Amino acid sequence: MRTDALLPRRRDSVACVESAKVAAVVLAGGGGTRFGGVQNKVYMSLGTRRVISWSILAFSRVPEIGQLVLSVRPQDRALVEEIVDRELPDVAVSIVAGGDTRHASEYNALRHLEPAIKAGEVDIVMIHDGARPLIGPSLICRVIEAARAVGGAVPGLPVGDVVEVDADERVRERFDGSTLLRVQTPQAFRAEHLIAAYNAAAAKGFAGTDTASCVEWFGGCAIRHVPGDDRNIKLTYPRDLPVAEQILAASDYFLM
C-alpha cells in the first residue's frame, strides 16, 4: 500500500484551487451497532466497492487534497489495508488508529497531521464521516473554498417544518425550519484554528458531537453554511444501504 503524502492526480480530477495543501480525514472507527451487523457498516459492499472506498475515491479526485488520512479501529486495520490495496491501489492513504469516541478519533488524526500543519504544508483540514459514501467532488470543492474564505464551513440541508411538543406529546408551537439545517460532512476548517481548538478541548476534557461543535467552543473562527446534497446520505440503518445503491445506480455521481 502506498503511504507517500501526495495523491496521484487523475486525468478526470475535478478542478479546485491549484495547490495541494488540504488534508482530508475520513472517519471509519465506529462499531455500526445501529446497523445491526457484526461488521462495521463502512466495510460492507456498495456497488463495485466497499462503502469506505467511495468517499476516499471522491477525495482523491480533488487535486487540492494533498494528504488523505483514514481513522480506523485497531482491530480493523488489517481489513482496511486489504481493502485499500485492492480497491484503491493508486491512492495514497495514511491509516491511523481511532479513539473510543468520534472526537477522540478526530483528535488522533489531527495529531498525525500536526507536524505538517506547523510546517505550513496543510492549510485546510476536512473531516468526513466514512458512513457517507456518496460525497461528490464538487461539494468537496465548495466546502474547501468556503473554509478558506471565512475559516470554517459545513454543508447542510434545511430541516423543513419544526414543531415543539410538551411532555404529553401535544404540539405546543410550530416553527419555520428554513433557518435550521441538517448538518452533513465533510466539514472543513483552517488548519491552525482546528488544531488549536482540539488542543484546547483536550486541556478542558471537552468532547464535541462533531467537528464544528468543537470549533464553535474553542476555534475562534467563523463557520459558513454551504448547501449540502440530498444524495450525501449517511448509512445509519440497514434500510439506508438499498437507498445508496439506487442513488449510485441512478447517477454518474463522480462527475458532479
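Parameters at a glance
Residues numbered from 1 in each chain as written. Predicted model: local features only at pLDDT ≥ 70, side-chain atom pairs only at ≥ 80, totals over all residues. Heavy atoms only, no water. Helix = DSSP H or I, 4+ residues; strand = E, 2+ residues; numbered from the N terminus. Buried < 20%, exposed > 50% of the residue type's maximum accessible area, 1.4 Å probe, protein only. Contact = heavy atoms within 4.5 Å. Phe/Tyr/Trp six-rings, centres within 6.5 Å; stacked < 30°, edge-to-face > 60°. Lys NZ or Arg CZ within 6 Å of the ring centre and 35° of its normal. Core = buried A, V, L, I, M, F, W, Y, C linked by side-chain atoms within 4.5 Å. Axes fitted to C-alpha atoms, helices over the stretch in contact; angles between N-to-C directions. Parallel < 35°, antiparallel > 145°, perpendicular 65-115°, else oblique. Nonpolar A, V, L, I, M, F, W, Y, C, P; charged D, E, K, R; others polar. Pairing = 2+ DSSP bridges. Salt bridge = Lys/Arg side-chain N within 4 Å of Asp/Glu carboxyl O. Left-handed = near helix turned anticlockwise from the far one by under 90°.

Caption draft 1: Looking closely at the overall build of the chain. When you go through the chain residue by residue, the secondary structure sums to seven helices and twelve strands. Taken over 256 residues, the chain has a buried fraction of 50%. Look at the contacts in the chain between residues 6 or more apart in sequence, and 75% of them connect residues 24 or more apart.

Caption draft 2: View of the packing of aromatic side chains. A complete count under the given rule lists three aromatic pairs for this structure. Here a set of aromatic residues connected by ring pairs shows up, and it is made of F206, W217 and F218. We note R49 situated over the ring of W54; from NZ or CZ to the ring centre the distance is 5.6 Å. Directly above the aromatic system of Y107 lies the positively charged group of R111, at a separation of 4.7 Å from the ring centroid.

Caption draft 3: How the structure looks around helix α6 (residues 211-218). Burial in α6 covers these residues: T211, A212, S213, C214 and V215. Contacts made by the buried residues of α6 are with α3 (102-118), β6 (124-129), β7 (151-158), β11 (187-190), α5 (191-204) and β12 (222-227). Just downstream of α6 lies G220, where phi reads positive at about 70°.

Caption draft 4: Focus on the nonpolar core. Among the nonpolar cores identified, the biggest contains 47 residues, and I52, I56, I65, L70, M126 and I140 are the most heavily contacted of them. Of all elements in the fold, only β1 (22-28), α1 (51-60), β4 (65-72), α2 (77-87), β6, α4 (137-150) and α7 (240-250) reach the threshold of two or more residues within this core. When sequence neighbours within four positions are dropped, the list of residues in contact with I52 reads V26, A28, V42, Y43, L70, I83 and G130. Core analysis: the second largest hydrophobic core is formed by 26 residues, A23, A116, V125 and I127 among them.

Caption draft 5: The packing of α5 against α6, seen in detail. The contact between α5 and α6 brings their axes to 9 Å, and the two run at 80°. Classified by the angle between their axes, α5 and α6 sit roughly perpendicular to one another. Touching L194, A197, Y198, A200, A201 and K204 of α5 are T211, C214, V215 and F218, all from α6. Residues of the contact of α5 with α6, tallied by class, amount to eight nonpolar, one polar and one charged.

Caption draft 6: Layout of the pairing of β1. Where burial is concerned, most of β1 is hidden: seven out of the seven residues are buried. Residues V22, A24, V26 and A28 line one face of β1 and the alternating positions A23, V25 and L27 line the opposite face, and both faces are buried. Examined bridge by bridge, β1 and β4 share seven bridges and lie parallel to one another. Bridge assignment links V26 to a residue of β4, and that residue is L70. Two strands pair when backbone bridges link them, and β1 and β6 are joined in this way by six bridges, in the parallel orientation. By the bridge assignment, V22 is partnered in β6 with I124.

Caption draft 7: Highlighting the pattern of salt bridges. For the structure on display, the rule yields 14 salt bridges. With a closest N to O distance of 2.6 Å, D123 and R148 form a salt bridge. Remark: R148 occurs in helix α4 and D123 occurs in the loop between α3 and β6; sequence separation between them is 25 residues. For the salt bridge of E164 with R172, the shortest nitrogen-to-oxygen distance reads 3.6 Å.

Caption draft 8: The environment of S94, seen in detail. Relative to the helices and strands, S94 resides in strand β5 (residues 94-97). Taking the C-alpha atoms as reference points, S94 and A109, separated by 15 residues in sequence, lie 9.5 Å from one another.

Caption draft 9: Geometry of the packing of α3 against α5. Axis separation between α3 and α5 bottoms out at 10 Å; the angle between their running directions is 130°. As judged from the angle between their axes, α3 and α5 are oblique. At the point where α3 passes α5, the crossing takes the left-handed sense. Together, H103, E106, Y107, L110, E114 and I117 of α3 and A191, E192, L194, I195, Y198, N199, A201 and A202 of α5 make up the contact between the two elements. Among the residues making up the contact of α3 with α5, the classes are represented as nine nonpolar, two polar and three charged.

Caption draft 10: Focus on the environment of N108. For N108, the position within the fold is in helix α3. Spatially, the C-alpha atom of N108 lies 7.2 Å from that of A97, the residues being eleven residues apart in sequence. Non-local contacts of N108, meaning those with residues more than four positions away in its chain, are made with A97, G98 and G99.

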